[in-house]
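Observations on the three-dimensional arrangement
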Amino acid sequence: MERKKRLKDTAPKETLPDVETHSEGFRANREARRNVLVEDYVELISDLLSEGQEARQVDIAGRLGVSQPTVAKMLARLATEGYVTQKPYRGVFLTPSGQEMADRARHRHRIVEAFLLALGVSEENARVDSEGVEHYVGSETLTLFEKAIRGNLKQFMQDLPDA
């Protein structure tokens, strides 16, 4: 009972923030949503290429669980935006800006996944959840995730008594 009371006493008051602060969250979310697919594609292409495989439409479709026509449409968009090049009978390759985006996405992904693992989330759930969270988490939060990991968050979580 005492724990519930303490949690209730420390819970933030539920009032609306000022208009600018409130709208910033929605703007950031919309921007992240626009970039999710692009980041997923370039990160996957980078991963396939770094493993020595070719990044072919069929491979991308299989890994993302989408149809090949869907991949073809996205690859056309990525080419137009300057993130990939396609070579007939050779697959897809990242441009320098595509590789840069893939590296940033992979870095965010690894931080989020490591943070979730440190919290005690199972490997499977951490992998799945980090796939979504990575796109929406801001730089301040990522920095604090890294700080918590370096500060031995995993040990801290293990030392907490079960509720």
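The shown structure was predicted, so the numbers you read here are calculated from the model rather than taken from an experiment.

**Quick look at the overall build of the chain**
Check the secondary structure of the chain and you find 8 helices and 2 strands. For the chain, the proportion of its 163 residues judged to be buried stands at 29%. A fraction of 55% describes how many contacts in the chain between residues 6 or more apart in sequence connect residues 24 or more apart.

**Here we look at the packing of helix 5 (residues 96–119) against helix 7 (residues 139–150)**
Contact pair helix 5 / helix 7: the axes reach a minimum separation of 9 Å and the direction vectors enclose 50 degrees. Classified by the angle their axes make, helix 5 and helix 7 are oblique. The two elements helix 5 and helix 7 cross, and the hand of that crossing is left-handed. Packed against helix 5, whose contacting residues are His107, Arg108, Ile111, Val112, Ala114 and Phe115, the element helix 7 presents Leu142, Phe145, Glu146, Ala148 and Ile149 at the interface.

**Quick notes on the pattern of salt bridges**
Going through the model one piece at a time under the given rule, you end up with 6 salt bridges. Across the pair Arg77 and Glu81 runs a salt bridge, and its minimum N-O distance is 2.9 Å. Judged by relative accessible area, Arg77 falls into the partly exposed class, the value being 34%. Residue classification places Glu81 among the partly exposed positions, given a relative accessible area of 40%. Between Glu100 and Arg104 there is a salt bridge whose closest N-O contact spans 3.1 Å. Placement of the pair is Glu100 and Arg104 together in helix 5, with a separation of 4 residues, close to one helical turn. The class of Glu100 is partly exposed, set by a relative accessible area of 49%.

**Examining the side chain of Thr95**
Inspection of the secondary structure assignment puts Thr95 in the loop between strand 2 (91–94) and helix 5. Excluding anything up to four places from it in sequence, Thr95 contacts Gly82, Tyr83, Val84 and Thr85.

**Some points on the packing of aromatic side chains**
Inspection of the entire model under this criterion finds 1 aromatic pair. Considering the side-chain rings of Phe115 and Phe145, the 3.8 Å spacing of their centres and the 5 degrees angle between planes classify their relative orientation as stacked. In this pair, Phe115 sits in helix 5 while Phe145 sits in helix 7, placing the two residues 30 residues apart along the sequence. With respect to burial, Phe115 and Phe145 carry one shared label: buried. A cation over a ring is seen here: Lys87 above Phe93, with NZ or CZ 4.9 Å from the ring centre.

**Observations regarding helix 7**
Between the first and last C-alpha of helix 7 there are 16 Å, a value that for 12 residues agrees with the 16 Å anticipated at 1.5 Å per step. Positive phi shows up at Asn152, right after helix 7, with a value of about 70 degrees.

**Topic: helix 5**
For helix 5, with 24 residues, the first-to-last C-alpha span of 35 Å sits near the 34 Å given by 1.5 Å per residue. Taken together, the buried positions of helix 5 are occupied by Gly98, Met101, Ala102, Ala105, Arg106, Arg108, His109, Ile111, Val112, Phe115, Leu116 and Ala118.

Rules used in this analysis
Residues numbered from 1 in each chain as written. Predicted model: local features only at pLDDT ≥ 70, side-chain atom pairs only at ≥ 80, totals over all residues. Heavy atoms only, no water. Helix = DSSP H or I, 4+ residues; strand = E, 2+ residues; numbered from the N terminus. Buried < 20%, exposed > 50% of the residue type's maximum accessible area, 1.4 Å probe, protein only. Contact = heavy atoms within 4.5 Å. Axes fitted to C-alpha atoms, helices over the stretch in contact; angles between N-to-C directions. Parallel < 35°, antiparallel > 145°, perpendicular 65-115°, else oblique. Left-handed = near helix turned anticlockwise from the far one by under 90°. Salt bridge = Lys/Arg side-chain N within 4 Å of Asp/Glu carboxyl O. Phe/Tyr/Trp six-rings, centres within 6.5 Å; stacked < 30°, edge-to-face > 60°. Lys NZ or Arg CZ within 6 Å of the ring centre and 35° of its normal. Expected span 1.5 Å × (residues − 1).

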